[in-house]
Amino acid sequence: MRVRLEDVARAANVSPKTVSRVLNDEANVTEATRQRVRAAMEAMDYRPHPSARSLAGNRSFLVAMLYDNNDNPSSTYLAEIQDGVLEACDAHRYSMMVRPLRMRDGDFIRRFDALISDHHPDGVVLTPPITDYAPLLKRLRERNVPYASVSPLRRGKALGVTMDEQQAARAIVEHLLGLGHRRIAHVVGIPNHGASRWRLAGYRDAMAAAGIPEDPALVVQGAFTFASGVAAARQLLSLPERPTAVFAANDDMATGVMWAAGEYGLKVPQDLSVCGFDDTPLSRQLWPALTTVQQPSREMGKMAAEQLLGELRNHGSGRLVQVPFSLQIRGSTAAAP
């Protein structure tokens, strides 16, 4: 026999309306009562019908995560963000959909409008670089769609999650300086991407603080991909006076730098120290393992979704939270030759 909402209410010693409020994640229920109702649901294996739940709360109980993989090609980063968003949605009995929207396409806003009209998500989670795409932010406000951002460049009234990437980049370059390196190169990420700007700024901060004038030849454009890391390293290693260390703006590009170093007959870290950013699983699978900045991407996805869900439950409760970073010092960096 199918368990009904009234059965759960009876088992938890509350009214059916209170069970409905817990199902709809409404704020006006004490935490003790909420836990008691959820425990009864679990014990009775109660599964509310999705359409009935949506009608009762006039909500879809759906969160959409939007990304642009053309301008953020690191699939590992996106997968970790997605896992975190899904974890938060599962905990609050929300469904989740993931949708690519490419900023380069002329029909970006039309496709966004179609997504909102067809699926009616209660809110969206934005990932870089969509996070800072002004036409989309304007449209979200026009349609009154709540959203949370992962690493927004403009942090004024944003809610979601961020990390001090500029300070993190400075810290890892200071690690190289502490090893005696002075000719330190930087492979920059995608132009106009918030992460690229912050990580380049951190590199410059550390070099300036050490009294080392910037050499434009040591700052090379990349695209957050392995191939762009290879191309950038070839350019750097062909210089008459090559760098002794390279800080790449993400782990994929750092892996490309290490590959190119082998192509030039250089050993890492004896001849060239290399470090990255993100601490993806790949960074621990290389030999030598990659020195990098740990950015807790999964946790950031989870926290962004939690801020959005909190805002949906209690308007005004969402905020922009900051997560700490840490350096992962591994075998790819050593004293300057």
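Placed above this text is the structure.
Residues numbered from 1 in each chain as written. Predicted model: local features only at pLDDT ≥ 70, side-chain atom pairs only at ≥ 80, totals over all residues. Heavy atoms only, no water.

**Side note on the sheet that holds strand S8 (residues 245–248)**
Pairing is parallel in the open sheet, where four strands are placed in the order S7-S6-S8-S9. Because the sheet does not close on itself, it has two edges, and the strands there are strand S7 (219–221) and strand S9 (273–275). Neighbour to neighbour, the strand axes of the sheet diverge by 20° on average, direction disregarded. Summarising the sheet, strand S6 (residues 184–188) and S8 pair through four bridges and their orientation is parallel. (Pairing = 2+ DSSP bridges. Helix = DSSP H or I, 4+ residues; strand = E, 2+ residues; numbered from the N terminus. Axes fitted to C-alpha atoms, helices over the stretch in contact; angles between N-to-C directions.)

**A word on the environment of Ser-95**
With respect to the helices and strands, the residue Ser-95 is situated in strand S2 (residues 95–100). Counting along the chain gives 66 residues from Ser-95 to Val-161, while the straight-line C-alpha distance between them is 21 Å. Contact partners of Ser-95, with chain neighbours within four places excluded, come to Phe-61, Leu-62, Val-63 and Cys-89. (Contact = heavy atoms within 4.5 Å.)

**Regarding the sheet that holds strand S4 (residues 147–150)**
On the basis of which strands lie adjacent, the open sheet formed by six strands has the order S2-S1-S3-S4-S5-S11 and parallel pairing. Edge positions in the sheet fall to S2 and strand S11 (320–323), since each has one partner strand and no second. Within the sheet, the average angular offset between the axes of one strand and its neighbour, ignoring direction, is 20°. Pairing geometry for strand S1 (residues 62–67) and S2, over six bridges, is parallel. Note that in S2 the partner of Val-63 across the bridge is Met-96. Set on the sheet, helix H6 (residues 108–119) makes contact with S1 and S2; between it and S2 the angle comes to about 160°. Sheet strands touched by helix H7 (residues 134–142): S1, strand S3 (123–126) and S4. Its angle to S3, the strand with the most contacts, is close to 165°.

**So, the nonpolar core**
Soluble globular proteins tend to bury their nonpolar side chains together. Ranked by internal contacts, the top residues of the largest apolar core, which has 71 residues, are Val-173, Tyr-203 and Phe-247. In this view, Tyr-203 contacts Ala-169, Val-173, Ile-184, Ala-185, His-186, Leu-218, Val-219 and Phe-247; residues no more than four positions away in its chain are not counted. The next biggest cluster of nonpolar side chains, apart from the first, holds 17 residues, and it includes Leu-115, Ile-116, Ile-130 and Val-145. (Core = buried A, V, L, I, M, F, W, Y, C linked by side-chain atoms within 4.5 Å. Buried < 20%, exposed > 50% of the residue type's maximum accessible area, 1.4 Å probe, protein only.)

**Topic: the packing of aromatic side chains**
Summed over the entire model, instances satisfying the criterion amount to three aromatic pairs. The ring of Phe-277 is capped by Arg-199, whose NZ or CZ atom sits 3.7 Å from the centre of that ring. (Phe/Tyr/Trp six-rings, centres within 6.5 Å; stacked < 30°, edge-to-face > 60°. Lys NZ or Arg CZ within 6 Å of the ring centre and 35° of its normal.)

**A few points about the pairing of S4**
Where a strand is regular, its side chains alternate between the two sheet faces. Judged from the three bridges that link them, S3 and S4 form a sheet pairing that is parallel. The residue of S4 that forms the bridge with Val-124 is Tyr-147. As for the winding sense of the linkage, the β-α-β connection from S3 through H7 to S4 is right-handed. (Right-handed = clockwise from strand over helix to strand, strands pointing away.)

This is a description of form; function is not addressed.
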